[in-house]
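# Geometric and topological summary
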Amino acid sequence: RSGPSGGVTSIVLGPGGEILIAGAFTYYNGTTRKGMALLNADGSLHASFDPALPWYNNVITCIALRPNGKILLTGFMDIYGTENYRILQLNSDGSLDTGFATGTGPDYEVNSMALQPDGKTLIIGEFTYYDGVARRNIARINEDGSLDLGFDPGTGPNYGIEALALQPDGKILIGGGFTGFNGTAQGHITRLNSDGSVDGNMASSFDPGFDLDGGASDMVM
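The sections below set out a description of the structure shown in this document. Note that this is a predicted model, so its numbers are computed, not measured.

## Digging into the overall build of the protein
A count of helices and strands for the protein gives one helix and 18 strands. Across the 221 residues of the protein, 48% fall into the buried class. In the protein, 36% of the contacts between residues at least 6 apart in sequence involve partners at least 24 apart. Just so you have it, the protein exposes about 10100 Å², and 50% of that area is on carbon and sulfur atoms.

## Focus on the sheet that holds strand β18 (residues 189–192)
Reading across from one edge, β14-β15-β18 is the order of the three strands in this open sheet, with antiparallel pairing throughout. Edge positions in the sheet fall to β14 (161–166) and β18, since each has one partner strand and no second. Strand-to-strand, the axes of this sheet are offset by a mean angle of 20 degrees, without reference to chain direction. Alignment of strand β15 (residues 172–176) against β18, held across four bridges, turns out to be antiparallel. Bridged to I174 within β18 is T190.

## Observations regarding the pattern of salt bridges
Scanning the entire structure with this criterion turns up seven salt bridges. A salt bridge links R140 to D148, with the shortest nitrogen-to-oxygen separation between them at 2.7 Å. The exposure class of D148 is buried, given its relative accessible area of 7%. One continuous salt-bridge network, built from bridges that share partners, spans K120, R140 and D148.

## Comments concerning the pairing of β14
Across the six residues that make up β14, a large majority, five, are buried. As defined by bridge partners, β14 adjoins β15 across five bridges and the pair is classed as antiparallel. Bridge pairing in β15 links A165 to L173. Here β14 folds back onto β15, and the loop between the two strands holds five residues, one of which, G170, carries a positive phi near 95 degrees.

## What about the sheet that holds strand β6 (residues 62–65)?
In spatial order, the strands read β6-β7-β8; together these three strands make up an open sheet with antiparallel pairing. Whereas interior strands pair on both sides, the edge strands pair on one side only; in this sheet they are β6 and β8 (87–90). Here the average twist between neighbouring strands, direction ignored, is 20 degrees. Examined bridge by bridge, β6 and strand β7 (residues 71–74) share four bridges and lie antiparallel to one another. Within β7, the position partnered with C62 by the bridge is T74.

## Re the environment of L65
Tracing the backbone shows L65 in strand β6. Put simply, L65 and L90 are 25 residues apart on the chain and 9.7 Å apart in space, counted from C-alpha to C-alpha. Residue contacts for L65: discarding those within four places in its chain leaves V12, L13, G14, P15, K70, I71 and L115.

## A few points about unusual backbone geometry
Backbone geometry places N29, a non-glycine residue, at a positive phi of 50 degrees. Its location among the elements puts N29 in the loop between β3 (27–28) and β4 (31–32). With a phi close to 50 degrees, N182 is a non-glycine residue in the positive phi region. Within the secondary structure, N182 is located in the loop between β16 (180–181) and β17 (184–185).

Conventions and cut-offs
Residues numbered from 1 in each chain as written. Predicted model: local features only at pLDDT ≥ 70, side-chain atom pairs only at ≥ 80, totals over all residues. Heavy atoms only, no water. Helix = DSSP H or I, 4+ residues; strand = E, 2+ residues; numbered from the N terminus. Buried < 20%, exposed > 50% of the residue type's maximum accessible area, 1.4 Å probe, protein only. Contact = heavy atoms within 4.5 Å. Areas by Shrake-Rupley, 256 points an atom, 1.4 Å probe, with all protein chains shown as cover. Pairing = 2+ DSSP bridges. Axes fitted to C-alpha atoms, helices over the stretch in contact; angles between N-to-C directions. Salt bridge = Lys/Arg side-chain N within 4 Å of Asp/Glu carboxyl O.

Below, the structure written as structure tokens:
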């Protein structure tokens with residue numbers, strides 16, 4: 001087996017043991033699969049799933065699988081000729097979910113995301129706006145793709161966010177190259193409340209200080 005013809009950037013497991021992969025490939029084991037493929041548990045191609053994504057030399061950076069089987073994709077510039085330039089949603093059969101509407105969406109690349117239990121999605125990347133509203137590098141969107149205005153990070157981080165994890169209590173851990181968040185000094189890692197504000201209780205319950213001498217690139221809970 002030759003596997004994918006290019007790099008794989010994201011992997012998620014389905015409820016039945018199937019494996020969904022995405023990245024910069026155009027073939028899987030010699031069969032056309034442009035940026036996304038569904039594999040059986042043994043690594044063979046699941047032939048019935050073919051989203052037939054158009055391909056414009058862009059890379060899918062992250063995928064997420066909703067409990068209802070719908071699939072979120074991020075990272076590309078223009079797919080399907082829709083206005084969902086950097087984040088869109090597919091139905092479980094791979095067709096475009098036209099009910100997921102982001103407006104103009106993020107103005108630059110989305111690098112990663114985390115699904116919340118309530119159906120909302122946190123996204124991080126290199127953007128400064130989402131659908132025309134200022135959101136620097138982090139935003140939360142509703143299940144229909146619209147911006148969640150209840151999550152307001154203020155001016156956000158002074159540099160990029162590369163890592164994201166959601167705590168069971170709804171608080172949000174982020175890491176990256178930043179040294180400040182919304183005017184508060186933070187040493188490459190910080191925790192936010194569910195509304196996007198810096199967690200003011202960090203001094204007693206979560207205080208990484210400034211001992212991290214470089215940016216954090218990933219984290220898990």
